[in-house]
Amino acid sequence: MKKVASWSAEDVSDWLSKEGMPEYIDALRQRDGPALLRLKEADFQMPPISLVSSDGGQQLLERLETLRIETHIEAHNNGHANGHAGGLPNGTSKPQRNGALMREMVHIPIPAVETMGPSFPAEWGKTGIAFVYAVVCFVTTTVVISVVHERVPPKEHTPPLPDKFFDLFDRVEWAFSICEINGMLLVGLWLIQWILLKHRSIIGRRFFFVVGTLYLYRCITMYITTLPVPGMHFKCSPKLLGNWEVQMRRIMKMIAGGGLSITGSHTMCGDYLYSGHTVMLTLTYLFIKEYSPKRFWWYHWVCWSLSAVGIFCILLAHDHYTVDVVVAYFITTRLFWWYHTMANQQTLKETSQSNLFSRVWWYRLFQYFEENVNGMVPRNYQMPLSWRSLQWSRGVKYSKLDIQ
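Residues numbered from 1 in each chain as written. Predicted model: local features only at pLDDT ≥ 70, side-chain atom pairs only at ≥ 80, totals over all residues. Heavy atoms only, no water.

A.B. asks: What exactly am I supposed to notice about the nonpolar core here?
C.D. replies: Proteins that are soluble and globular tend to have nonpolar side chains buried together. Counting residues in hydrophobic clusters, the biggest one holds 72 residues, and the most contacted among them are Trp190, Ile203, Phe207, Leu283, Phe287 and Tyr339. Those elements that place two or more of their residues in this core are helix 5 (124-149), helix 6 (164-168), helix 7 (175-196), helix 8 (200-224), helix 10 (276-290), helix 11 (297-316), helix 12 (322-344) and helix 13 (363-370). Per-element tally for this core: the top contributor is helix 8, with eleven residues. Once you skip the residues sitting within four places of it in the chain, Tyr339 turns out to touch Arg206, Phe209, Val210, Trp362, Phe366, Phe369 and Glu370. One finds Val12, Ala27, Leu60 and Leu64 within the second-largest nonpolar core, a separate group that totals 18 residues. (Core = buried A, V, L, I, M, F, W, Y, C linked by side-chain atoms within 4.5 Å. Buried < 20%, exposed > 50% of the residue type's maximum accessible area, 1.4 Å probe, protein only. Helix = DSSP H or I, 4+ residues; strand = E, 2+ residues; numbered from the N terminus. Contact = heavy atoms within 4.5 Å.)

Below, the structure is given as structure tokens:
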């Protein structure tokens, strides 16, 4: 391994990335190895480091202390290798009676490390709660769609509303199938990526909470405002007029088919404001990009293309009004960005008058999910059934030596 004293700024960035602290890369991009070792606790109270440090720099300071000890030990060993006996103030050695050199034992104090819990505990129980929350929100959405379907005005009496996109582009019948295929591809890619993530429990509950909340909001918007069908091509299922037994069968069929038209499970109308397909196309891309390495730019572009083409095909099929897509994109991106900003900043996890984020209705649930997560979750990967990580991190272990 290259000596820390000879590290360049690029070496420092690589080391931060390997140690799972990429949030410091931009703030420390001008520092080389010696400058890195000179960092003190006071430096983490001043910008730019204070702007990215979520734990006051505690994790990085502990790792730097280990680096200093390693550097000190290496320098001491190099001194012996060059023929010098360590431990004397002037670097000389004392001759023994038989003319040999007497080497004095050097005591290197190693600071006691406090026993602390992991920075990113799994807490699968919380992930399970988030999953149940998402399932409940999905089921509630399906029930509300069934209720709203009964209120949709007949297209013969209430024609589709004017829409600028529909004026510019004629309907393409097969476009909505492309949208759903792209959506299934993105969900599949995200599922594989999530399984390979080292901190999949933390990231999983973030996904379940965000997607569940988005569908809960969708229940409200489509219930309070029922829009007419966007096109005369819609063939809505007949209204059941209070026949709850048949209505429950229709709900179960829609749940079993994933709410997709391509599976023949979604034949109800009224779930327009806002678009659930846009939510999934946007959200899966955001999670894929956030939790994959930046060097996988080609992977990000492929996923972005699938998402963008899918959203365009929703409009091209005339299956949603343009406002449905715009509102869905806006709410999805904002909730994703807000949640991750709060999760990455330790100060935003504490209730205070200056923290306006603490006024959102889901803040207590957010605190429960994120209270033990310290800092940005690193993009580390490992095999799901193996303890061996694909992103190796090198460390030094110390043990006590009994010297007689």
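Here the narrative resumes.
A.B. asks: What is the right way to look at a nonpolar patch on the surface in this model?
C.D. replies: Together, Phe131, Val132, Val135, Val136, Val139, Val143, Met252 and Ile255 line one region of the surface with nonpolar side chains, adding up to about 630 Å² of accessible area. Taken together, the elements giving at least two residues each to the nonpolar patch come down to helix 5 and helix 9 (244-256). Structurally, Ile255 can be placed in helix 9. Ile255 sits in the partly exposed class, given a relative accessible area of 35%. (Patch = residues over 30% accessible without salt bridge, like charges linked within 9 Å, V, L, I, M, F, W, Y side chains within 5 Å. Areas by Shrake-Rupley, 256 points an atom, 1.4 Å probe, with all protein chains shown as cover. Salt bridge = Lys/Arg side-chain N within 4 Å of Asp/Glu carboxyl O.)

A.B. asks: It is not clear to me how the environment of Leu241 should be interpreted in this structure. Could you clarify?
C.D. replies: Mapped onto the elements, Leu241 comes out in the loop between helix 8 and helix 9. Taking C-alpha positions, Leu241 is 10.0 Å from Val147, a pair spaced 94 residues apart along the chain.

Bear in mind that shape data such as this cannot, by itself, settle questions of function.
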